[in-house]
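Observations on the model geometry
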Amino acid sequence: MNKAVNDGVWSGSWVAERLGVELLGDPELTDLLGLALRRNPKRAHLLVSNVLGKHVPQSPTVVYGYGFTLGRRVRELLGTEESRRAVVLGYAETATGLGHAVADGIALAPYLHSTRRPVPGVATAGGFEESHSHATSHLLLPEDPELLSGEGPLVLVDDEFSTGNTVLNTIRDLHARYPRERYVVVALVDMRSVADAGRLDEFAAEIGARVDLVAAASGTVSLPEGVLEKGQELVARYEAGGAGTGSRLSAAPSGLVAQFPAPLKDGGVEADLNSDSPGARDCIGSAATAAWARPAPTGPHPARNRITRVELRWPHDLPDGGRHGFTPQHRIRLEAALPAMAARLADALPENAHRVHILGFEELMYAPLRLARELEQVVDAGVTYSTTTRSPVLAVDDPGYAIRTRLTFPAHDTPADGPGDRYAYNIARADFDAVVAVIDSTADTPELHAPDGLLAQLAEHTPHVLLVVVPSYAPEQPHVPERPAMLPDPLRGPAFSSYAPEEVGWLLQDLSDVTLEAPTEEREEAIQSGGAHYAESLPVEYQPSEQYQQLFHTALDEAADRLALAVGAVTELVLAERSPRPVLVSLARAGTPVGVLMRRWAQHRHGLDLPHYAVSIVRGRGIDANALRWLAAHHDPADVVFVDGWTGKGAITRELTEAVREFEESDGITGFDPEIAVLADPGSCVKTYGTREDFLIPSACLNSTVSGLISRTVLRSDLVGPNDFHGAKFYRELAGADVSVDFLDAVAARFPEVSDAVTSLAKELLAADRTPTWEGWAAVERISEEYGIHDVNLVKPGVGETTRVLLRRVPWKILARAGAGADLDHVRLLAEQRGVPVEEVGELPYTCVGLIHPKYTRGATGADGKAVAV
């Protein structure tokens with residue numbers, strides 16, 4: 001392959017010429033393998049695979065195709081019945097993805113890979129040593145302790161089969177515990193020496209079992225005498241000269257031409273790899289034709305490039321890989337979810353991206369590989385794939401050398417063997433339009449986001465870095481049920497919130513004793529850099545001035561009739577169209593006062609005592625699934641009506657729709673209707689509303705002091721476990737400033753006066769075409785582009801959302817509709833207090849729009865608010 005990639009120069013020629021190393025055997029060996037040097041006292045040379053997806057960026061279809069086709073060959077060798085009894089075992093870290101793909105090709109066998117990451121509470125089923133590896137100890141940690149104890153064939157998968165020591169160590173350890181009659185060794189290349197070639201047969205005879213070998217190509221490495229010492233001297237000389245160490249980016253200084261394999265368009269690899277088609281079988285032969293040549297890169301990209309976190313919605317309880325076992329049923333679930341996850345990632349990619357690279361993480365190879373392959377099918381861009389690694393390899397900028405550049409960064413998954421450097425090869429200066437880093441949640445640590453961490457290193461070399469975090473799967477402890485038999489009862493006032501206990505039950509956990517508040521500027525910087533999610537901390541509660549409090553009371557007095565009318569109208573729509581006895585479920589916390597008012601209207605007008613709860617929903621994370629489980633256990637899901645205060649651009653509306661769909665898939669519980677009922681729908685996102693006018697809802701003016709003294713909800717993995725409700729705080733200390741009940745009483749007092757008007761309005765709405773037009777979303781996209789923000793999440797439309805920007809975020813400017821009156825008095829006051837300009841705009845579909853400071857850092861400078869100090 002590298003002959004084509006590097007102007008006809010084999011990517012092993014540099015090492016071969018200097019050390020006298022030769023590859024002998026099948027002619028495709030030099031297509032499949034290049035050579036490099038590494039700092040290793042046991043073996044200086046490194047065989048660098050062009051089709052493994054570890055060191056060399058490659059089309060994910062090519063990478064997956066090689067493993068899948070090897071799996072098909074194993075299935076043909078074993079037969080269908082023996083394949084059903086087989087177990088596939090891959091090797092960490094290099095072959096975890098390859099082993100997965102082989103298991104997919106067999107299709108009938110579960111998969112397990114060794115790991116170097118101990119998992120507390122998971123018993124070790126075995127272990128072995130890899131003699132030539134940089135990090136040698138392997139653990140076997142299957143969730144099912146019986147996985148390795150069967151009598152069927154054991155299929156062992158590694159990227160290369162060289163001395164055979166790794167495989168023999170594995171078989172020796174496992175055969176002593178779980179003897180079986182047959183083993184199959186699978187490798188991309190069989191590179192045993194003549195001396196080692198007979199060891200496998202001798203060992204098979206020794207243990208009394210059959211051992212077969214399946215490989216894509218075979219040959220040997222000819223090593224002249226003294227090659228180890230020569231290699232070590234060569235590495236030392238080049239590192240001392242700056243080729244291999246020094247800066248975090250390592251490469252020899254000669255003119256680099258970054259050239260990597262392109263996605264194959266050959267029919268063989270485009271064929272369905274899940275079938276027995278000839279195309280699937282022929283994909284190995286097609287890989288050697290894949291190549292593209294890139295122009296010389298323009299140099300590093302500035303470190304200011306933004307890091308965007310992308311939420312995939314990984315299926316609940318689906319393992320992220322084979323560390324604890326991965327069954328054919330798991331594979332089916334993953335394949336069903338892949339199209340939607342790839343679509344979310346495609347939506348997050350920058351427009352006009354022509355070269356996209358998916359970067360996996362050490363042992364996490366399979367999930368990013370499958371995601372990359374799915375993405376390759378749906379985007380009009382070249383997609384390549386590789387992963388980070390523990391293995392230190394010398395980087396030399398020469399077309400005849402397999403490792404052209406090296407990024408070095410600190411380990412970021414708190415490894416059991418202590419801190420150390422990790423590496424990403426052939427990524428720097430490769431002119432990728434975007435790099436997607438896919439890691440597991442265990443590795444989403446401060447080290448990942450540090451100034452010298454992986455993300456910062458990537459941002460130096462691509463204009464767009466996207467971060468995808470797959471939840472790390474850990475088996476449930478034997479004594480812990482899958483989830484508690486009974487979730488806790490809802491929290492109620494006065495123990496939690498200043499609302500009366502019958503007004504609302506909070507399906508939350510109390511985090512009042514945890515310090516969660518952070519300065520607004522710190523939160524903004526962390527959120528926009530991708531270093532934290534907004535739901536992982538709380539803003540410091542805004543304490544209104546006396547002038548601002550007076551504005552609230554004035555606004556409440558003036559808006560009470562309009563609020564009462566909207567409350568009555570939306571409640572009547574719910575009773576007429578959704579359920580005669582609905583279960584009101586407010587989205588905490590903005591929806592909670594509205595839910596209480598709707599409950600009061602139903603009681604006032606119809607004598608109904610409706611149940612009302614508040615649940616957490618988090619943008620990018622979804623609704624609290626445990627709250628849905630509790631609701632389903634106590635009520636008919638068909639009666640549940642989700643309630644919120646208002647719509648902006650409709651992000652939460654979309655979030656809820658997707659979350660309910662995924663909940664149905666994961667739990668099998670159906671009947672929840674994701675349609676939200678709101679007081680005001682200025683964005684035209686829902687069909688159940690009291691009005692589509694964008695007016696001031698006074699509860700938006702304040703934070704907890706108008707919402708029962710409850711904070712915004714919190715979702716953080718160290719505080720909220722998989723069986724817990726999301727969290728929130730009860731600010732008891734703010735009781736002296738609490739106006740929550742005053743707000744409810746002021747609006748409910750107007751119910752008798754607006755009763756007839758509600759009847760008329762409800763009839764009009766029931767007869768009207770209320771189909772959402774999503775015109776608000778279109779307006780937000782237009783504003784985002786016109787103002788050079790290029791991120792709709794930083795554009796907050798409507799009076800309520802604009803108020804939130806001023807209270808909780810770092811505002812840049814406020815757009816106000818020309819002629820807007822008293823509805824914006826509090827907005828103007830807050831803007832004045834924070835030094836934020838208010839710009840009047842003639843054509844604006846909302847009364848106002850708040851713009852969050854784009855690309856915010858605390859070193860931001862410039863009158864436009866976007867110039868960032870770097």
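Since we're looking at a predicted model, the values are computed, not measured.

1. Regarding the overall build of the chain
A count of helical and extended segments in the chain gives 26 helices and 33 strands. Each of the 870 residues in the chain was classed as buried or not, and the buried ones make up 61%. Summarising the internal contacts of the chain: among those between residues at least 6 apart in sequence, 77% fall at separations of at least 24. Here the chain displays about 31700 Å² of accessible surface, and carbon together with sulfur accounts for 50% of that area.

2. What about the environment of Ala381?
Among the secondary structure elements, Ala381 is positioned in the loop between helix 15 (366–378) and strand 14 (382–387). Spatially, the C-alpha atoms of Ala381 and Asp433 are 9.8 Å apart, while their sequence positions differ by 52 residues. Setting aside chain neighbours within four positions, we find Ala381 in contact with Ala353, His354 and Val356.

3. So, the sheet that holds strand 31 (residues 811–817)
Hydrogen bonds between backbone groups are what pair the strands of a sheet, and the pairing can be parallel or antiparallel. Strand order in the open sheet formed by four strands is 30-33-31-32, and the pairing between neighbours is mixed. In this open sheet, the two edge strands, each paired with only one partner strand, are strand 30 (795–797) and strand 32 (838–841). Pairs of neighbouring strands in the sheet enclose a mean axial angle of 20°, with direction left out of account. Looking at chain direction, strand 30 and strand 33 (residues 848–852) are connected through three bridges and run antiparallel. When the sheet's bridge partners are listed, Pro797 is paired in strand 33 with Val849. Sitting on the sheet, helix 24 (residues 775–786) is in contact with strand 30, strand 31 and strand 33, with an inclination near 140° to strand 30.

4. Overview of the sheet that holds strand 14
Taken in spatial order, the five strands make up an open sheet running 12-18-17-13-14, and their pairing is parallel. Each of the sheet's edge strands pairs with one partner strand only, and the pair in question is strand 12 (307–310) and strand 14. Strand-to-strand, the axes of this sheet are offset by a mean angle of 25°, without reference to chain direction. Summarising the sheet, strand 13 (residues 355–360) and strand 14 pair through six bridges and their orientation is parallel. Bridging from a neighbouring strand, Val356 pairs with Val383 of strand 14.

5. Regarding the pattern of salt bridges
Two side chains of opposite charge can pair, provided their charged atoms sit close to one another. Applying the stated rule across the entire model yields 39 salt bridges. The partner of Arg578 in a salt bridge is Asp673, with the nearest N and O atoms 3.6 Å apart. Here Arg578 is found in the loop between helix 18 (546–577) and strand 23 (583–588), whereas its partner Asp673 is found in the loop between helix 21 (651–667) and strand 27 (676–680), with 95 residues between them in sequence. By relative accessible area, which is 19% here, Arg578 ends up buried. By relative accessible area, Asp673 is classed as partly exposed at 31%. A salt bridge links Arg661 to Glu662, with the shortest nitrogen-to-oxygen separation between them at 3.6 Å. Here Glu662 falls in the buried class, since its relative accessible area comes to 17%.

6. Thoughts on the packing of aromatic side chains
The description of an aromatic ring pair rests on the distance of the ring centres and on the angle between the ring planes. Counted by the stated rule, this structure contains 12 aromatic pairs. With a centroid separation of 6.4 Å and an interplanar angle of 10°, the aromatic rings of Tyr499 and Trp506 are classed as stacked. By relative accessible area, which is 2% here, Tyr499 ends up buried. Residue Trp506 is classed as buried on the basis of its relative accessible area of 0%. In textbook terms, an aromatic cluster arises when at least three aromatic residues are bridged by ring pairs, as seen for Phe496, Tyr499, Trp506 and Phe730. One cation-aromatic arrangement involves Arg654 over Trp774; the distance from NZ or CZ to the ring centre is 4.6 Å. Lying across the ring of Trp812, Lys813 places its NZ or CZ 4.6 Å from the centre.

7. Here's the deal with helix 14 (residues 328–348)
The end-to-end C-alpha separation of helix 14 is 30 Å, in line with the 30 Å expected for 21 residues at 1.5 Å each. At Leu338, helix 14 shows its maximal bend, which comes to roughly 40°, and the proline Pro339 appears one to four places after that position. Listing the buried residues of helix 14 in full gives Pro328, His330, Arg331, Leu334, Ala337, Leu338, Met341, Ala342, Arg344 and Leu345.

8. Here's the deal with the nonpolar core
The nonpolar side chains of a soluble globular protein tend to be buried with one another. Membership of the largest hydrophobic core comes to 140 residues, with the highest contact counts inside it found for Val155, Leu345, Ile358 and Tyr401. It is helix 4 (residues 60–78) that provides the largest number of residues to this core, a total of eight residues. Residue contacts for Ile358: discarding those within four places in its chain leaves Leu345, Pro368, Ala372, Leu375, Val383, Thr384, Tyr385, Ser386, Val436 and Val438. Core analysis: the next-biggest nonpolar cluster, separate from the first, contains 73 residues, Phe695, Leu709, Val739 and Leu824 among them.

9. Concerning a negative patch on the surface
Together, Glu143, Asp144, Glu146, Asp317 and Glu476 make up a negatively charged patch on the protein surface. Owing to a relative accessible area of 36%, Glu143 belongs among the partly exposed residues under this scheme.

10. Brief notes about helix 26 (residues 825–834)
If you check which residues of helix 26 are buried, you get His826, Val827, Leu829, Leu830 and Ala831. Just past helix 26, the residue Gly835 takes up positive phi, approximately 70°.

11. As for the pairing of strand 18 (residues 465–470)
For strand 18, the buried fraction is high: six of the six residues fall into the buried class. Here strand 18 shows a buried face lined by Val465, Leu467 and Val469 and a second buried face lined by Leu466, Val468 and Val470. Inspection of the sheet shows strand 12 paired to strand 18 by four bridges, in the parallel sense. Its bridge partner lying in strand 18, Thr308 is registered against Leu466. Strand direction decides the pairing type here: strand 17 (residues 434–440) and strand 18, joined by six bridges, are parallel.

12. Thoughts on the pairing of strand 2 (residues 33–37)
In terms of residue burial, strand 2 counts as a mostly covered element, since five of its five residues are buried. The alternating pattern of strand 2 places Leu33, Leu35 and Leu37 and Gly34 and Ala36 on opposite faces, both of which are buried. Judged from the five bridges that link them, strand 2 and strand 3 (residues 45–49) form a sheet pairing that is antiparallel. Within strand 3, the residue paired with Gly34 across the bridge is Val48.

13. Description of the confidence of the model for the chain
If pLDDT is low for a region, its predicted coordinates should not be looked at in detail. Per-residue confidence for the chain averages 82 on the pLDDT scale, and 84% of its residues sit at or above 70. Per-residue pLDDT stays below 50 along residues 129–136; that stretch engages in 30 contacts with residues further than four places along the chain or on separate chains.

14. What about the side chain of Thr388?
When you line up the elements, Thr388 lands in the loop between strand 14 and strand 15 (406–410). Dropping the residues within four chain positions of it, Thr388 is found in contact with Lys54, Glu93, Leu359, Gly360, Phe361, Glu362, Phe409, Tyr423, Ala424 and Leu454.

Conventions used here
Residues numbered from 1 in each chain as written. Predicted model: local features only at pLDDT ≥ 70, side-chain atom pairs only at ≥ 80, totals over all residues. Heavy atoms only, no water. Helix = DSSP H or I, 4+ residues; strand = E, 2+ residues; numbered from the N terminus. Buried < 20%, exposed > 50% of the residue type's maximum accessible area, 1.4 Å probe, protein only. Contact = heavy atoms within 4.5 Å. Areas by Shrake-Rupley, 256 points an atom, 1.4 Å probe, with all protein chains shown as cover. Pairing = 2+ DSSP bridges. Axes fitted to C-alpha atoms, helices over the stretch in contact; angles between N-to-C directions. Salt bridge = Lys/Arg side-chain N within 4 Å of Asp/Glu carboxyl O. Phe/Tyr/Trp six-rings, centres within 6.5 Å; stacked < 30°, edge-to-face > 60°. Lys NZ or Arg CZ within 6 Å of the ring centre and 35° of its normal. Expected span 1.5 Å × (residues − 1). Bend = angle between axes of the 7 residues up to and from the residue. Core = buried A, V, L, I, M, F, W, Y, C linked by side-chain atoms within 4.5 Å. Patch = residues over 30% accessible without salt bridge, like charges linked within 9 Å, V, L, I, M, F, W, Y side chains within 5 Å. Lys, Arg positive; Asp, Glu negative; His and termini not counted. Charge placed at Lys NZ, Arg CZ, Asp CG, Glu CD. pLDDT = per-residue confidence, 0-100.

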